[in-house]
Amino acid sequence: MLRRLTLASLPDDLDSVLPRAESDVAAAAEAVHALIDDVRSAGADALLDQAERFDRVRPASIRVPSQDLAAALEGLDPTVRAALEQTIERVRQGSAAQIPPAATTRIADGAVIDQRWVPVERVGLYVPGGKAVYPSSVIMNAVAAQAAGVTSIAVASPAQASHDGAPHPTILATCALLGVDEVYAMGGAGAIGAFAYGVEGIGLRRVDVVTGPGNVFVAAAKRAVAGRVAIDAEAGPTEILVLADDTANPELVARDLISQAEHDELAGSVLVTDSAKLADSVDEAIARIVPLTKHSDRIRAALTGRQSASVVVDSLDSAVRLANAYAAEHLQIMTADADSVVEQIVNAGVVFVGDASPVALGDYAAGSNHVLPTGGTARFAAGLNASVFLRSQQVVRYTMQGLAGVRGAIETLAVEEDLPAHGEAVTARFED
């Protein structure tokens with residue numbers, strides 16, 4: 001089912017052989033700008049029209065009433081609630097570890113710089129709808145923001161025709177469980193625009209940071225508003241790269257490739273190995289398992305798409321090179337000496353090591369965050385974490401003694417840069 005690429009040697013241009021989805025964020029830009037402009041000019045009416053157009057339902061209210069959040073939590077299956085609570089606790093622990101410590105640096109006597117981390121005031125968190133329900137994405141976004149100290153959190157999730165225009169009740173229940181009471185039934189590019197510019201008619205104030213996964217239109221919308229607000233990353237269709245050798249269990253490799261293909265027809269599932277025998281065994285396992293899965297048509301479309309493949313290379317070193325070039329959202333390492341391979345990995349959203357660390361663990365309850373860079377952007381972008389909601393801020397504290405120590409340097413550089421008032425502002429402090 002997976003197409004096979006056999007590379008006796010790696011080309012200089014590795015990008016030319018990497019399986020990738022055809023997902024062009026730039027191509028969606030024109031449509032996205034029109035949707036955002038519509039929201040800016042028409043406000044709530046535009047959001048309602050877009051919900052009717054794209055979600056096939058016109059919400060009775062864009063902002064979800066507080067009683068509906070409480071009712072959703074009250075009606076939540078106790079088993080689901082327990083699973084959500086366990087996931088929340090683990091993600092809280094993982095997020096707390098991402099807060100940088102404050103620091104004080106004493107440059108010289110009377111010369112001190114304090115380094116502190118200040119949370120943004122307000123964030124907008126996007127939770128996709130569509131083919132699946134993602135309470136886990138509510139957790140990943142909201143818990144990271146709460147760990148950073150953000151006090152004003154708004155959540156947007158598309159209106160659901162099957163729930164009278166409200167977001168899915170499990171989404172609402174998870175928001176209530178986290179103490180998030182500002183929730184909107186809005187989706188796609190319009191929701192991102194609403195976060196960035198605010199919508200006065202529904203009391204939606206603009207936010208400082210927008211985070212969360214979504215389709216190509218959500219990614220394009222985040223690109224369009226970047227600069228007015230901060231964004232986390234342009235997360236597109238999910239992807240997994242399994243780096244394995246001949247010691248890997250083909251059944252587990254197949255299961256993990258299938259698990260991510262279940263998300264979307266554009267999901268990328270890639271095996272990179274130095275063992276043709278393993279690749280053959282994985283193909284056999286996939287052919288046996290896929291027909292038995294609930295979403296077999298979707299999985300089959302993803303696994304047979306150009307974004308998925310099994311790539312057989314000449315050595316484990318080549319496999320590592322290819323993995324670093326691919327820069328996977330999820331990188332799973334299933335080799336005899338996995339720890340040594342991890343040390344060679346520089347480009348990945350998150351790395352899962354060994355048979356007991358499947359990617360599905362990270363999707364839910366590992367304690368790591370599952371909002372991650374896709375499409376090769378892990379070369380320069382990180383996954384969502386608490387620091388996304390923080391700003392580094394320096395506080396400078398000098399005494400006259402400390403200022404005297406650099407007076408000459410300041411006065412000299414001010415003259416050199418032809419900005420004499422800079423130097424004079426320092427000189428004046430030493431005059432009677």
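Residues numbered from 1 in each chain as written. Predicted model: local features only at pLDDT ≥ 70, side-chain atom pairs only at ≥ 80, totals over all residues. Heavy atoms only, no water.

**With respect to a nonpolar patch on the surface**
Phase 1 of the analysis: There is a patch of nonpolar side chains on the surface, built from Ile-107, Val-396, Tyr-398 and Val-406 and spanning about 340 Å² of accessible area.
Phase 2 of the analysis: Among the secondary structure elements, Val-406 is positioned in the loop between helix H15 (400–404) and helix H16 (407–416).
Phase 3 of the analysis: The class of Val-406 is partly exposed, set by a relative accessible area of 31%. (Patch = residues over 30% accessible without salt bridge, like charges linked within 9 Å, V, L, I, M, F, W, Y side chains within 5 Å. Areas by Shrake-Rupley, 256 points an atom, 1.4 Å probe, with all protein chains shown as cover. Salt bridge = Lys/Arg side-chain N within 4 Å of Asp/Glu carboxyl O. Helix = DSSP H or I, 4+ residues; strand = E, 2+ residues; numbered from the N terminus. Buried < 20%, exposed > 50% of the residue type's maximum accessible area, 1.4 Å probe, protein only.)

**Considerations on helix H12 (residues 316–326)**
Phase 1 of the analysis: Along H12, eight of the 11 residues are buried, which leaves the element largely enclosed by surrounding structure.
Phase 2 of the analysis: Ser-318, Ala-319, Val-320, Leu-322, Ala-323, Asn-324, Ala-325 and Tyr-326 are the residues of H12 that are buried.
Phase 3 of the analysis: Residue Ala-327 follows H12 closely and has a positive phi angle near 55°.

**Observations regarding the sheet that holds strand S2 (residues 103–108)**
The strands making up a sheet associate through backbone hydrogen bonding, with each pair oriented either parallel or antiparallel.
Phase 1 of the analysis: What the three strands build is an open sheet, ordered S2-S3-S14; its pairing is antiparallel. At either end of the open sheet lies a strand with only one pairing partner, and these are S2 and strand S14 (390–398). Strand-to-strand, the axes of this sheet are offset by a mean angle of 25°, without reference to chain direction.
Phase 2 of the analysis: Summarising the sheet, strand S3 (residues 111–119) and S14 pair through nine bridges and their orientation is antiparallel. By the bridge assignment for S14, Ala-111 is matched with Tyr-398. (Pairing = 2+ DSSP bridges. Axes fitted to C-alpha atoms, helices over the stretch in contact; angles between N-to-C directions.)

**Details of the UniProt feature "binding site: substrate" (unreviewed entry) in the protein chain**
Phase 1 of the analysis: As annotated by UniProt and renumbered to match this structure, "binding site: substrate" (unreviewed entry) occupies Thr-238, Gln-260, His-263, His-330, Asp-363, Glu-417 and His-422. In sequence the annotated residues extend across 185 residues, and in space they extend as well, their farthest C-alpha pair lying 58.0 Å apart.
Phase 2 of the analysis: By the secondary structure assignment, His-263 is in the loop between helix H9 (250–261) and strand S10 (268–273).
Phase 3 of the analysis: Of note is the side chain of His-263, whose polar atom sits 3.2 Å from the side chain of Tyr-134. (UniProt positions renumbered as here; feature names shortened; annotations may be inferred. Polar contact = N/O pair within 3.5 Å; in protein donor to acceptor, adjacent residues only side chain to side chain.)

**What to know about empty space enclosed by the protein**
One simple way to see leftover space: roll a probe sized like a water molecule over the atoms.
Phase 1 of the analysis: For the structure shown, the criterion picks out one cavity of 30 Å³ or more.
Phase 2 of the analysis: Lining the largest cavity are Asp-232, Ala-233, Ala-235, Val-371, Leu-372, Pro-373, Ala-382, Gly-383, Leu-384 and Val-388.
Phase 3 of the analysis: When its residues are assigned to classes, the lining of the largest cavity shows eight nonpolar, one polar and one charged. (1 Å grid on protein atoms, 1.4 Å probe; cavity = no way out; pocket = protein on both sides within 12 Å on 5 of 7 lines; lining within 4 Å. Points joined across faces, edges and corners; volume = space filled by probe spheres on them. Nonpolar A, V, L, I, M, F, W, Y, C, P; charged D, E, K, R; others polar.)

**Remarks on the domain arrangement of the protein chain**
Phase 1 of the analysis: The domain boundaries assigned to the protein chain delineate domain 1 (25–232), domain 2 (236–379) and domain 3 (399–429).
Phase 2 of the analysis: The distance between the C-alpha centroids of domain 1 and domain 2 comes to 28 Å.
Phase 3 of the analysis: Taken residue by residue, the interface counts 15 residues in domain 1 and 14 residues in domain 2.
Phase 4 of the analysis: Interface area, domain 1 with domain 2, both sides summed: about 1,100 Å², of which 54% is carbon and sulfur.
Phase 5 of the analysis: Looking only at domain 1, the three residues that lose the most surface to domain 2 are Arg-90, Lys-131 and Met-140, adding up to 47% of its buried area.
Phase 6 of the analysis: Summed over the shared surface of domain 1 and domain 2, the number is zero salt bridges.
Phase 7 of the analysis: The interface formed by domain 1 and domain 2 includes three residue pairs in polar contact (both at pLDDT 80 or more).
Phase 8 of the analysis: The set of elements that each furnish at least two residues to the side of domain 1 that touches domain 2 consists of helix H4 (78–96) and helix H5 (135–148). (Domains from an automatic or database assignment. Contact = heavy atoms within 4.5 Å. Buried area = accessible area lost by both parts, 1.4 Å probe.)

**A look at the sheet that holds strand S7 (residues 209–211)**
Phase 1 of the analysis: Spatial strand order, S6-S5-S4-S7-S8: five strands in an open sheet with parallel pairing. A single partner strand is all that each edge strand has here, and the edge strands are strand S6 (182–185) and strand S8 (230–231).
Phase 2 of the analysis: Docked against the sheet, H5 engages strand S4 (122–126), strand S5 (152–157) and S7, running at close to 165° with respect to S4.

**Regarding the packing of H5 against helix H6 (residues 169–177)**
Phase 1 of the analysis: Put simply, H5 and H6 touch, their axes get as near as 8 Å, and they point 30° apart. Relative to H6, H5 is oriented roughly parallel. Along this stretch, H5 crosses H6, giving a crossing that reads as right-handed. Across the interface between the two elements, Pro-135, Val-138 and Ile-139 from H5 touch Thr-170, Ile-171, Thr-174 and Cys-175 from H6.
Phase 2 of the analysis: Residues belonging to the contact of H5 with H6 are distributed by class as follows: five nonpolar, two polar and no charged. (Parallel < 35°, antiparallel > 145°, perpendicular 65-115°, else oblique. Left-handed = near helix turned anticlockwise from the far one by under 90°.)

**Quick notes on the UniProt feature "binding site: Zn(2+)" (unreviewed entry) in the protein chain**
Phase 1 of the analysis: Under the feature "binding site: Zn(2+)" (unreviewed entry), the UniProt entry names Gln-260, His-263, Asp-363 and His-422. A maximum C-alpha distance of 58.0 Å is found for the annotated residues, which run over 163 residues; spatially they are spread out rather than grouped.
Phase 2 of the analysis: A relative accessible area of 9% means that Asp-363 is categorised as buried.
Phase 3 of the analysis: Those residues in contact with Asp-363 that sit more than four places away from it in its chain are Ser-136, Met-140, Gln-260, His-263, His-330 and His-370.

**With respect to the pairing of S10**
Phase 1 of the analysis: Most of S10 sits inside the fold, with six of its six residues counted as buried.
Phase 2 of the analysis: Residues Gly-268, Val-270 and Val-272 line one face of S10 and the alternating positions Ser-269, Leu-271 and Thr-273 line the opposite face, and both faces are buried.
Phase 3 of the analysis: When strand S9 (residues 239–244) meets S10, the two strands line up parallel, connected through six bridges. Each residue of the ladder has a partner; that of Leu-241, found in S10, is Val-270.
Phase 4 of the analysis: Handedness of the crossover is the feature at issue here: the chain leaves S9, passes through H9, returns alongside S10, and the resulting connection is right-handed.
Phase 5 of the analysis: Here S10 pairs with strand S11 (residues 309–312) via four bridges, running parallel. Each residue of the ladder has a partner; that of Val-270, found in S11, is Ala-309. (Right-handed = clockwise from strand over helix to strand, strands pointing away.)

**Considerations on unusual backbone geometry**
Phase 1 of the analysis: A positive phi angle is found at Ala-327, which is not glycine, with a value near 55°.
Phase 2 of the analysis: With respect to the helices and strands, the residue Ala-327 is situated in the loop between H12 and strand S12 (328–334).
Phase 3 of the analysis: Notably, Asp-418 is not glycine yet its phi reads approximately 60°, a positive angle.
Phase 4 of the analysis: Take Asp-418: it is sitting in the loop between H16 and helix H17 (420–427).

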